[in-house]
Structures are given as structure tokens and as C-alpha cells.
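# Residue-level structure breakdown
Spelled out from the first residue to the last, the chains are:
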Amino acid sequence: MNTFAPLFKNLDHQFETNMGLKCGIVGLPNVGKSTLFNALTSAKALAANYPFATKDPNLGVITVPDPRLDKLKSLVSPQKVIPTTIEILDIAGLIKGASKGEGLGNQFLANIREVDAIIHVVRCFKDDNVVHVDGDVDPARDKDIIDTELILKDIETAEKRIDRVRKAARVGDKDAQHELVIGEKILAHLNAGKSARSLPLEDDEKPFLNDMFLLTAKPILYVCNVDEKSVLEGNAYTQAFMQDALKDEPDAEVIFISAEIEAQIAELETMEERMMFLEDMGLHEPGVNRLIRAAYHLLNLITYFTAGEKEVRAWTIHRGDKAPAAAGVIHSDFERGFIRAEVIKYADYVALGSEHAVKEAGKMKVEGKEYVVEDGDVMHFRFNV
């Protein structure tokens, strides 16, 4: 059976609810989190000049921009085009003591457990009209406060898990004894003030870490919220942040974004207005594009496409996924009954202009279960269930 035509129509509901990626925005109060969230998602979360303006976690959806999708649309002329998306969860500003319930800490730390990655917004701008919860701007100190609260919460989680495992280990459960050793190793690392993601583990130890759902095990993207003049090159605050706060994380993902610029872009009605604004600011693209690329790189994600008369659609998978797993993102039946994949390279599709021309040129490849999907592949799946 081909994936296209009537089957797509019958499974629309499952497709629309299949969100591939969820990121949570964290940071101290008044660092620009909610302003950035509003700009990224065109939502209207309350962005006020005082702590705890966001009293409930806000959830928004970002459409992932991809020029390849537009090109395929022009070639296929489908009835509809569906880009892939990222869910963004805006969590109220954390403060010192959040892990113990200070401010609104416990409630919002629990929200972070739902996400695939953390976007940590750090204030790297001076503005006397925007108060800082700790009095002055110090991005390294601010990062340390958030890191400490997340680590303290993870220590609490790890201790509870170890207590449960220890009881089983005492009565001779071999698996529990093995888990206890790993758990104590993780706990010692956390007690040393280090994030769980920085702990080197053997392959057989990683599942135990994953099962603990630790906050500091999640991949993290640092967003330095800067003033308008510092978007391209950064400023003294970003330099200090990179040198001091990230000295133990040399491979950390960091981008500079002006939440204020993004907010102004979001207010503009047309793409032409937005492009003119960006040009005036000396920018080539909105910060959201860079944020999405950084998030994809952080989580090792790629995009493949399906293209037919009914729809052209983008799908997000992990780099290294094989064809059946990629098919499973569309629907579990596709993976369960996978027979083969018909694959067209995006460059061939564009160069030759149509699926028919690609077939005529012998450029469509038939691949089996071991095929590793590449970024930009245009795919049909054959399956039987």
C-alpha cells in the first residue's frame, strides 16, 4: 500500500497530534523569557516588569521554516502544505530556592520534565527600566542560580530513586544491585554540583539515567538575550558569559537573540515588512530561524519530506534513523508493516522537476529496512498490515 492519497486522508487526526519536539524555556524572572516566547510563537503570554508575570506554563507552537518545503510546493502543486513544528513551553521565572518551593518553583520545575530540551535564556543587556531580580546584570551568576536549582531538584529525585532500589538490592536482586551502583555514581556527580548530562556513562548505564528523568540530563541551548546593537557580535556580557559561565561546557550550544527585535518582527503583518525590517537591522533572518537550527543540531534532528497531490509535508526524525523508524513517525502501522521505501534525493527532485522525471532518469532508489534516512530525502513508504 502507498502512503499517499486515501490513507493520508484517513489518518489526518493522528498526524495533526503527532508533535515531534518540545522545548522548555527557563531563566530568572525579567530576563526576557516571555517576550521571546511571545515573539517565537506569536502567543500573548503576559510579559510584565515584575517576577512571576507568567503564573501558568504557556504552550505555543513554532512552525519550522524550511525553504525546501516551499520549493517542493512549487513543483508538486499540492492541495495543502504542512510544515513540521516545535512546541515551546514557557515556564515562570525561577529564583534561588525554587527547588525547595520558593517562588513558584516546584510547580514549574515539574513542567520541565515534559520537554525534550531546555532553552535557558540569560539576560545580557542593561536596561534601568527593567528590574533585575538580583539587582544587577550578571549572566554567569544567573546561570549558576538556575543550574543549582535544577541540580538540587535532581538530587532530590535521585535520592528517592536510590532509596527504592536499595531496598531491592538488600534482598539480593542482582539488577537492583547494579542499578544502585549506577544511581550512587549519578548522585555523587550531582552532589559535586555537576549536571547529569556531563557525566560519562557506559552504554549499559545510560538507560538507568534516562529512566530517572533528571532535569540536568536534558540537552540545553543557551540563548543570550541581548540589546539590538549586540545581536551580531555580542557584547561584554556575552563575552563574560562565554568565558566564565561556560568554561566547563566548551561544546555548549549558544546563540545571541534580541527578544525585543523578535517582538517587533512578530508585530509586522507581511513578509515584505519583516524582511525590510531585518535588512535595516543588518540581519539576514529572524532569530527564531537560528534558534530552531540550534535546537535541531542540539537534538541531532533532521527533516525528510513526503510529496503528493494531496499534500507536501515535512517530518522530523533523529539523524541515523532507519527507514522503518522514519515511517513510524507518520503512523505506527507504517513501521509495523514496512516493506520498502522509495527515496528521491531532494537535489534530484529539484533538478529534474517532478517525481515522474526522477523515475525516468533512474534516480529513484528502492531501499529496505536498513536504509539510513538522510536530511532532505523525499520518500514514499510501502507497507502491509
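Quantities reported herein were computed from a predicted structural model and do not represent experimental measurements. (Residues numbered from 1 in each chain as written. Predicted model: local features only at pLDDT ≥ 70, side-chain atom pairs only at ≥ 80, totals over all residues. Heavy atoms only, no water.)

### Some words on the confidence of the model for the protein chain
Selection criterion: For every residue, the predictor assigns a confidence score, pLDDT, that lies between 0 and 100. Any two residues having at least one pair of non-hydrogen atoms within 4.5 Å are treated as being in contact.
Across the protein chain, the average pLDDT comes to 84, with 84% of residues at or above 70. When the criterion is pLDDT under 50, residues 1-19 qualifies, and its contacts beyond four places in sequence or with other chains add up to 39 contacts. The low-confidence segment residues 44-55, where pLDDT is below 50, has 31 contacts with residues more than four positions distant or belonging to other chains.

### Describing the pattern of salt bridges
This is how it is decided: Note on definitions: salt bridges are taken to be side-chain nitrogens of Lys or Arg within 4 Å of carboxyl oxygens of Asp or Glu. Strands are runs of DSSP state E lasting at least two residues, helices are runs of H or I lasting at least four, and both sets are numbered from the N terminus onward. Only protein chains enter the calculation, and the probe is 1.4 Å; a residue is then buried if its accessible area is under 20% of its type maximum, exposed if over 50%, and partly exposed in between.
Tallying each qualifying case throughout the model produces 19 salt bridges. Close ionic contact of K33 with D90 constitutes a salt bridge, the shortest N to O distance being 3.0 Å. Here the residue K33 occupies a position in helix α3 (residues 33-41), and D90 occupies one in strand β4 (residues 85-90), the gap between them amounting to 57 residues. Judged by relative accessible area, which is 5%, K33 ranks as buried. Of the charged contacts, one joins K143 and D147 as a salt bridge, the two residues approaching to 2.5 Å between their closest N and O atoms. Taken together, the residues K143 and D147, both in helix α6 (residues 139-170) and 4 residues apart, mark about one turn of the helix. Comparing K143 with D147 shows no difference in burial state: the two are buried.

### Re the packing of α6 against helix α7 (residues 174-191)
The condition is simple: Axis definition: a line fit to C-alpha positions, over the contact stretch in the case of helices; interaxial angles, taken between N-to-C directions, run 0 to 180 degrees. For classification, angles of less than 35 degrees are called roughly parallel, those exceeding 145 degrees roughly antiparallel, those between 65 and 115 degrees roughly perpendicular, and all remaining angles oblique. Whether a crossing is left-handed or right-handed is set by the direction in which the near helix is turned from the far one by less than a right angle, anticlockwise for left-handed and clockwise for right-handed. Note on residue classes: Ala, Val, Leu, Ile, Met, Phe, Trp, Tyr, Cys and Pro are nonpolar, Asp, Glu, Lys and Arg are charged, and everything else, Gly too, is polar.
Direction vectors running N to C along α6 and α7 enclose 160°, while the axes themselves pass 9 Å from each other. As judged from the angle between their axes, α6 and α7 are roughly antiparallel. Of the two possible hands of crossing, α6 and α7 adopt the one that is left-handed. Facing α6, whose interface residues are I151, D154, I155, A158, E159, R161, I162, V165, R166, A168 and A169, α7 presents A176, Q177, E179, L180, G183, E184, L187, L190 and N191. A class-by-class count of the residues in the contact of α6 with α7 yields 11 nonpolar, 3 polar and 6 charged.

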